[in-house]
Amino acid sequence: TMLGDLEISENRFDDIAAGAAGSAIKLSGGLSSMAGTNIIAANDIATTEGAGVEIAATTGATGAVVIRDNVLTDTNQLQTSDSGAIQLDPALAGDVAITCNQFVGGFNGVAFADGASVSAVSTIQRNSFAVTGGVDLYGGDTGGVTQDARYNYSGGAIPSVGGADI
């Protein structure tokens, strides 16, 4: 049980190969008891078979998540349809902010996994998308999440949004 803040910043993760479970950073399970803010910032994540960053919290997780200023290159190489460079697949009740990230290559930018039950406010702003497969924002979420996806740049030749709820 963590009762404070968590920060993962200024790291380089490269060539993560472990199938769909091969995420460079994965927060799972314990967010429901975390009282603080979870920050993933200024990381360089490249060449992952799974998501670059995956948030997979337990039911009712209330800790806020901030994912900002990361460079995510060639992630989700297995091209899992409801995954992406950043994958949210929890029953998350805390707010999520995904801002000022660069998505280069890879399959899907930000993905709300199919069947996820995200009830928090999700802010997806000021990101630069240049993914080469899938979509910039994939919405498989079924929790009625409020998504604020303004002020993003899409520089790829693929659709900007897709999935059930985007």
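Summary of the structure given here. In this convention, every chain numbers its residues from 1, walking through the sequence in written order. Note on the predicted model: pLDDT of at least 70 is required for a residue's local features to be given, and 80 or more for side-chain atom pairs to be given and counted; whole-chain, interface and lining totals, by contrast, use all residues. Values shown for side chains rest on all heavy atoms present in the structure; no hydrogens or waters enter the calculation.

**A short note on the pattern of salt bridges**
A pairing counts as a salt bridge when a side-chain nitrogen of Lys or Arg comes within 4 Å of a carboxyl oxygen of Asp or Glu. Applying the stated rule across the entire model yields 5 salt bridges. Taking the shortest distance from any N to any O, the salt bridge between arginine 12 and aspartate 44 comes out at 2.7 Å. Highlighted residues: arginine 12 in strand S2 (residues 12-16) and aspartate 44 in strand S5 (residues 44-48), separated in sequence by 32 residues. Aspartate 148 is the salt-bridge partner of arginine 150, the closest N and O atoms lying 2.8 Å from each other. Accessible area is worked out with a 1.4 Å probe on protein chains only. A residue is then buried under 20% of its type maximum, exposed over 50%, and partly exposed in between. Note on arginine 150: relative accessible area 45%, which makes it partly exposed. Residue classification places aspartate 148 among the buried positions, given a relative accessible area of 19%. Through salt bridges that share partners, Arg12, Asp14 and Asp44 make up one connected network. What counts as a helix is a DSSP run of H or I of at least four residues, what counts as a strand is a run of E of at least two, and both are numbered from the N terminus.

**Brief notes about the pairing of strand S13 (residues 121-125)**
In short, DSSP must find at least two bridges between two strands for them to pair. Bridge analysis of strand S10 (residues 96-99) against S13 gives 4 bridges, and the strand direction is parallel. By the bridge assignment, isoleucine 98 is partnered in S13 with isoleucine 124. Pairing analysis gives 3 bridges linking S13 to strand S16 (residues 146-148), with the strands arranged parallel. By the bridge assignment for S16, threonine 123 is matched with aspartate 148.

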